[in-house]
Amino acid sequence: MNAPTAWQQPNAALYTDHYELTMLQAALHSGTAERRSVFEAFARKLPDGRRYGIVAGTGRLLEALENFRFEEAQLDFLAANGVVDDRTLAWLANFRFSGTITGYAEGDVYFPGSPILQVESSFGEACILETLILSVLNHDCAIASAASRMTSAAGGRPCIEMGSRRTHEEAAVAAARAAVIAGFDSTSNLETGLRYGIKTVGTAAHSFTLLHDSEVDAFTAQTASLGVNTSLLVDTYDVEQGVRNAVAVAGQQLGGVRLDSGDLVAQAQWVRELLDDLGNTSTRIMVTSDLDEYAIAALGSAPVDAYGVGTSLVTGSGAPTAGLVYKLVSREGTDGNFVSVAKAAKNKASLGGHKYALRRINQRGRAVAEVVGVGALPLNDGNDRELLETFVADGVVQPGWTGPDAVDRARARHEASLLELPAAAYRLQRGEPVIPTEFEEETR
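Being a predicted model, the structure only gives us computed values, none of them experimental.

A.B. asks: Account for the side chain of Thr223, with residues named and values stated.
C.D. replies: Along the chain, the position of Thr223 falls in helix H10 (residues 215-226). Engagement of the side chain of Thr223 in a polar contact is seen with the backbone oxygen of Thr220, the distance being 3.2 Å.

Now the structure itself:
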């Protein structure tokens, strides 16, 4: 990855909902705001038909947490609008997260009931982080889960993220980061390159060709500026003539051609034949144009060298949110001991208790179950993998979980985690989670 430049995280304190602070105020009033509590972020189910999910966004969340401060501007806004009382304002002015955050590493797979993130702190501290946690994780997990399906369908051919123009400007950065975690090779988004050192790529759009008096003039200008190894967009007018013009301008050293419309499978076939006939056997073919995992899979037999993916990726390919929830699962009782608590509402029930998790691995190195222990770590039979990592200890973000290093680490975790899954995980057909989630309650 490229060397990143320092980036200033904006104040994140008001990336929250009004009722988080009114709950805090009421808890201060009742004397329960300082009760030790455990909150858990998890998915009750995966998006319809999906076989696994991918964790992403934890690094961004930790970066935001370090600048989650109620400074003068935030406090003045809350006071002027009567959101909370003076006592609560004073509490917020002194807020510094002092608890512990554990969870699944970015890039790891998850399943229904997986304790993706756990926050252990006072109720007040954990409560006001709810919206930030869910907004970051729901978006990034959705994008990474879609990206993982796409890179799996690509079968080793590189995928390039290029969806910035189809989403909010900050969501574009988050989406590019999540896509790279899930195996994408690079992004067109320069801000992502600045913040996280991720490789950025790009050449020219149709407007550049239309700017010039002829396609040959446009290709000549592009290769003169960017070199003959550039990729030329050949479908502004006629694709066959575009390919011939590209070869005439750049010769056999032409890096690549890009196809952005039409029947991409058939077109890639005859464009490959034409390039080979013209002597450009090493010129690559890149395809774009509203690709998703199904279109990528359909192109598997075509002579395509790379895929550029935009709209479908940044919208989660039909699942724009991961559907994660954040629930209080354990709290300190009046006697000082922790007690399990759980929501019992129909269709929205949660399982109380502090969770621990491991992935049951068989003798062939394949995952067979997600085992979640309630109150204690499940028994490891020797080759199972414990899943929870510590991201924040006593308020201190632990090294290696933020910045560019975290992206590299998450990308490696994604690759390793997918290798553990049964082959059925790679099927694009609708199905149930590829391994079951089993809960084991403490008996000792």
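A.B. asks: Quick one: what's the story with the sheet that holds strand S11 (residues 306-309), residue by residue and with numbers?
C.D. replies: Ordered by their spatial adjacency, six strands build an open sheet running S7-S6-S11-S10-S9-S8, and the pairing between neighbours is parallel. Of all strands in the sheet, those bounded by a partner on one side alone are strand S7 (186-187) and strand S8 (231-233). Across three bridges, the pairing between S8 and strand S9 (residues 256-259) is parallel. When the sheet's bridge partners are listed, Leu233 is paired in S9 with Arg258. Packed on one face of the sheet, helix H12 (residues 264-277) meets S9 and strand S10 (284-287) and runs near 155 degrees to S9.

A.B. asks: So what's going on with the environment of Tyr110? Which residues, and what values?
C.D. replies: Position of Tyr110 relative to the elements: it lies in strand S4 (residues 109-110). Distance from Tyr110 to Leu46, taken between C-alpha atoms, is 9.1 Å for residues 64 residues apart in sequence. Ignoring sequence-local partners within four residues, the contact set of Tyr110 consists of Ala43, Leu46, Tyr52, Gly53, Ile54, Val55, Tyr104, Ile116, Cys141, Ser145, Ala322 and Leu324.

A.B. asks: Any chance you could break down the environment of Leu194 for me, citing the residues and the numbers?
C.D. replies: Among the structural elements, Leu194 can be located in helix H8 (residues 190-196). Taking the C-alpha atoms as reference points, Leu194 and Pro404, 210 residues apart in sequence, are found 9.8 Å from one another.

A.B. asks: Can you tell me about the nonpolar core, naming the residues and giving the values?
C.D. replies: Within the largest apolar cluster, 59 residues are counted, with the highest numbers of intra-cluster contacts made by Phe184, Leu259, Val287, Tyr307 and Leu421. Of all hydrophobic cores here, the second largest spans 55 residues; its members include Leu62, Trp91, Leu92 and Leu387.

A.B. asks: I'd love a proper account of helix H11 (residues 239-250), names of residues and values included.
C.D. replies: If you check H11, its first and last C-alpha atoms are 16 Å apart, about what 12 residues at 1.5 Å a residue would give, namely 16 Å. Among the residues making up H11, those that are buried are Val239, Gly242, Val243, Asn245, Ala246, Val247 and Ala250. Considering only its buried residues, H11 is in contact with H10, S8, S9 and H12. Where H11 begins, the capping side chain belongs to Asp238, and its oxygen is found 3.3 Å from the backbone nitrogen of Glu240. Positive backbone phi, at 75 degrees, marks Gly251, one or two positions downstream of H11.

Definitions and cut-offs
- Residues numbered from 1 in each chain as written.
- Predicted model: local features only at pLDDT ≥ 70, side-chain atom pairs only at ≥ 80, totals over all residues.
- Heavy atoms only, no water.
- Helix = DSSP H or I, 4+ residues; strand = E, 2+ residues; numbered from the N terminus.
- Polar contact = N/O pair within 3.5 Å; in protein donor to acceptor, adjacent residues only side chain to side chain.
- Pairing = 2+ DSSP bridges.
- Contact = heavy atoms within 4.5 Å.
- Axes fitted to C-alpha atoms, helices over the stretch in contact; angles between N-to-C directions.
- Core = buried A, V, L, I, M, F, W, Y, C linked by side-chain atoms within 4.5 Å.
- Buried < 20%, exposed > 50% of the residue type's maximum accessible area, 1.4 Å probe, protein only.
- Expected span 1.5 Å × (residues − 1).

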